[in-house]
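Notes for the structure review
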Amino acid sequence: MMNRFLRYSIGSDLVIYGVRCTIGFLVGYWLYLSFPQFELYWTLISIILVISPEEKDARRLTLERFKANLIGSSVGLVCFLLPAPEVFRMVFGIILSIVICHFFHLMGVARTAVVALIIVLIHEQLTTLTYWAAVERFLSVTLGCLIGLSVTTSTAYLTMRLRKGTALEEQIK
C-alpha cells in the first residue's frame, strides 16, 4: 500500500508539478501580501512560467526559462528608454529578444522572453509607466524566476533523495 502511494506521489510528474506550483505560488503570494506597495503579481506569474511540468528535464527547462525571463525583462528595460511610441518599442523588443534567444540557443523558451518583455513594457490604462516602474517589474520578474528556480531545484533534490530511499528510482526508469 505504501509503495503504491509513493509511486503515485513522488513517482508522478503530475503530483510533483502540482507541488512545485503550489509551493512557488504560496511563497509568491506571501510576498505579494507582505509587500503590497510593489507590483509582485508579476512575481507570481513569473514563478509559474518558470516551473516546468516535465520532471525529466525540469532543472534544465527551468534554468532556460530563467535565462529567457532575464533576457526579455532586460531588453524591456533597454527598450523602455527608446524615444519611440510604445508599439514600436514592443515590436523592436520582441524581435531583439528572439534574436538574443537564438544567439544563446534558447529558441525553445523564446516565448517566455517575449512575455517578460511585455510585462516590463506594458502600460496599464490611465497610468503612466515610469522608468522606476519598469525597473520594479524587472526586479519582480527576476524574483519570480529565482523563486521558481529554487523551488524546482530543491524539490528535484528532495524527490531524488526520496526515490533513492524508497528504491523507486529503478522502478520508474
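In what follows, the structure referred to is the one given above.
Because the structure is predicted, anything quoted here is derived from the model rather than measured.

Thresholds, definitions, all that
- Residues numbered from 1 in each chain as written.
- Predicted model: local features only at pLDDT ≥ 70, side-chain atom pairs only at ≥ 80, totals over all residues.
- Heavy atoms only, no water.
- Phe/Tyr/Trp six-rings, centres within 6.5 Å; stacked < 30°, edge-to-face > 60°.
- Helix = DSSP H or I, 4+ residues; strand = E, 2+ residues; numbered from the N terminus.
- Buried < 20%, exposed > 50% of the residue type's maximum accessible area, 1.4 Å probe, protein only.
- Lys NZ or Arg CZ within 6 Å of the ring centre and 35° of its normal.
- Contact = heavy atoms within 4.5 Å.
- Expected span 1.5 Å × (residues − 1).
- Salt bridge = Lys/Arg side-chain N within 4 Å of Asp/Glu carboxyl O.

1. Focus on the packing of aromatic side chains
Counted according to the given criterion, the structure contains five aromatic pairs. Note on phenylalanine 25 and tyrosine 29: the rings are 5.3 Å apart at their centroids and 20 degrees apart in plane angle, and the pair reads as stacked. Taken together, the positions of phenylalanine 25 and tyrosine 29, both in helix α2 (residues 13-34) and four residues apart, correspond to about one turn of that helix. You can call phenylalanine 25 partly exposed: its relative accessible area is 37%. Both rings, one in phenylalanine 103 and one in phenylalanine 104, keep their centres 5.0 Å apart while their planes meet at 85 degrees; by these two values the pair is edge-to-face. Connected via pairs of aromatic rings, a cluster forms that spans Phe25, Tyr29 and Tyr32. The ring of phenylalanine 80 has arginine 89 sitting right over it, with the charged end atom 5.6 Å from the ring centre.

2. A few points about the side chain of threonine 152
Within the fold, threonine 152 resides in helix α7 (residues 131-165). The class of threonine 152 is buried, set by a relative accessible area of 1%. Residues within four places of threonine 152 in sequence aside, it is in contact with Arg20, Ile51, Ala58, Arg59 and Thr62.

3. Describing the environment of lysine 56
Note that lysine 56 resides in the loop between α3 (41-50) and α4 (58-80). On the accessibility criterion, lysine 56 (77% relative accessible area) is exposed.

4. Details of helix α6 (residues 110-121)
If you check α6, its first and last C-alpha atoms are 17 Å apart, about what twelve residues at 1.5 Å a residue would give, namely 16 Å. With nine of its twelve residues buried, α6 lies for the most part within the structure. Three or more residues of α6 are buried, namely Ala110, Thr112, Ala113, Val114, Ala116, Leu117, Ile119, Val120 and Leu121. Buried positions along α6 lie against α3, α4, α5 (86-103) and α7.

5. Focus: the side chain of serine 46
With respect to the helices and strands, serine 46 occurs in helix α3. The residues contacting serine 46, other than those within four sequence positions of it, are Asn69, Val141, Gly144 and Cys145.

6. A look at the environment of valine 99
Of note, valine 99 is situated in helix α5. Look at valine 99 and you get partly exposed, because its relative accessible area is 48%. Through-space distance from the C-alpha of valine 99 to that of alanine 110 is 9.0 Å; in sequence the pair is eleven residues apart.

7. As for the environment of valine 114
One can find valine 114 in helix α6. Taking the C-alpha atoms as reference, valine 114 lies 8.8 Å from isoleucine 95; in sequence the two are 19 residues apart.

8. Quick notes on the pattern of salt bridges
Taken as a whole, this structure holds two salt bridges when the rule is applied. Notably, a salt bridge pairs arginine 137 with glutamate 39, separated by 2.8 Å at the nearest N-O pair. Remark: glutamate 39 occurs in the loop between α2 and α3 and arginine 137 occurs in helix α7; sequence separation between them is 98 residues. Like arginine 137, the residue glutamate 39 is buried in the burial classification. A salt bridge links arginine 60 to glutamate 64; its shortest N-O distance comes to 3.0 Å.

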